[in-house]
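Survey of secondary and tertiary structure
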Amino acid sequence: MTKLGLPDRIQACLFDLDGVITKTAVVHAAAWKETFDEFLRERGDGEFRPFDPVADYNKFVDGLPRADGVRAFLGSRGIQLPGGEPDDPPDRNTVQGLGNRKNERLLKRIRAGGVEAYDGSLRYIRAVRASGLRTAVVSSSTNCRDILRAIDAEALLDVRIDGVVAAERGLPGKPDPAPFLAAAEDLGVEASAAAVFEDALAGMEAGRSGHFGYVVGVDRVGQADALREHGADTVVTDLADLADQEPKE
């Protein structure tokens, strides 16, 4: 076993961004809440039931591509919208328009308050690289590169598969394993020799269905059992804790 808390067979580490490397999950949830609550109030269908930034965020939007998150949450409320086009303006009531409204608000929040990284995650990624393992970031965010640059971490990742790259390559989003498989391929390793690091249930499912060598669940919100049920081989509250574990082969 390695000192990184990973099986010896692991040659590469594939990290999600929001909730694993950065604390932007909270900012994402706030932007989603503001967007969905405004939409639901304007729609006025019966009693107003606001978007829950914990339960609804974790169940319907966390880890998913933006448009898929819009469809999933609205579907849970029995609402369907036209798909629209990727360049729909934020005030257009389409799936794409609503997603663009959320992204506009997210960017304002990021610019106003900056982006904060998890120190334990950055230390762990540096240790991974010092051990000779290759690294990738796998995120559905189209703002991934800007966020990595904001925390001065772009150089720590050898490969980036994000919302922009996924659109260019026609990759489906999580829970499909395609983004993680693309990262492993770009790094030149088999899925069985790569470890996935995720905080979202959709990411756990992607790790399991992609038959990756090890799946690490990062529990930031008290959902350790759910992470395990969806495919995590181990669950930690901080990546720095992995060094204290001895994974089972």
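What comes next concerns the included structure. (Residues numbered from 1 in each chain as written. Predicted model: local features only at pLDDT ≥ 70, side-chain atom pairs only at ≥ 80, totals over all residues. Heavy atoms only, no water.)

1. Details of the overall build of the protein chain
On a plain count of helices and strands, the protein chain comes out with ten helices and six strands. Relative to the 2.2 N^0.38 estimate, which gives 18 Å for 249 residues, the radius of gyration of the protein chain is 18 Å and therefore close to what a compact globule would have. Taken along its principal axes, the extent of the C-alpha atoms in the protein chain is 55 × 35 × 30 Å. Looking at the protein chain residue by residue over its 249 residues, the buried ones come to 53%. A fraction of 61% describes how many contacts in the protein chain between residues 6 or more apart in sequence connect residues 24 or more apart. (Helix = DSSP H or I, 4+ residues; strand = E, 2+ residues; numbered from the N terminus. Rg over C-alpha atoms; globule rule 2.2 N^0.38 Å. Buried < 20%, exposed > 50% of the residue type's maximum accessible area, 1.4 Å probe, protein only. Contact = heavy atoms within 4.5 Å.)

2. Some words on the layout of surface pockets
The computed volume of the largest pocket comes to approximately 750 Å³. What lines the largest pocket is a set of 39 residues, among which P65, R66, S140, T142 and G163 lie closest to the centre. Elements represented by at least two residues in the lining of the largest pocket include exactly helix 1 (24-43), helix 2 (55-61), helix 3 (66-76), helix 4 (95-113) and helix 7 (163-169). Looking at the lining of the largest pocket element by element, the count peaks at six residues for helix 4. Looking at the lining of the largest pocket residue by residue, the classes come out as 16 nonpolar, 14 polar and nine charged. (1 Å grid on protein atoms, 1.4 Å probe; cavity = no way out; pocket = protein on both sides within 12 Å on 5 of 7 lines; lining within 4 Å. Points joined across faces, edges and corners; volume = space filled by probe spheres on them. Nonpolar A, V, L, I, M, F, W, Y, C, P; charged D, E, K, R; others polar.)

3. Some points on the sheet that holds strand 5 (residues 214-218)
Overall, parallel pairing links the six strands, which are arranged 3-2-1-4-5-6 in an open sheet. Only two strands of the sheet have a single neighbouring strand rather than two, namely strand 3 (159-161) and strand 6 (234-236). Strand-to-strand twist in this sheet, taken as the mean axis angle between neighbours without regard to direction, amounts to 20°. The pairing of strand 1 (residues 12-15) with strand 2 (residues 134-138) spans four bridges and is parallel. (Pairing = 2+ DSSP bridges. Axes fitted to C-alpha atoms, helices over the stretch in contact; angles between N-to-C directions.)

4. Things to note about the pattern of salt bridges
Side chains bearing opposite charge may pair, as long as their charged atoms lie close to each other. In the structure shown here, the tally under the stated rule is 19 salt bridges. With a closest N to O distance of 3.1 Å, D158 and R129 form a salt bridge. A residue pair is termed long-range when its members are at least 10 positions apart, and D158 in the loop between helix 6 (144-150) and strand 3 and R129 in helix 5 (residues 119-130) qualify at 29 residues. Its salt-bridge partner being R149, residue E154 comes within 2.9 Å of it at the nearest N-O pair. Three or more residues joined by partner-sharing salt bridges are found here, namely E34, E38, R101, R105 and R109. (Salt bridge = Lys/Arg side-chain N within 4 Å of Asp/Glu carboxyl O.)

It is worth stressing that arrangement in space is one thing and function is another; only the former is reported here.
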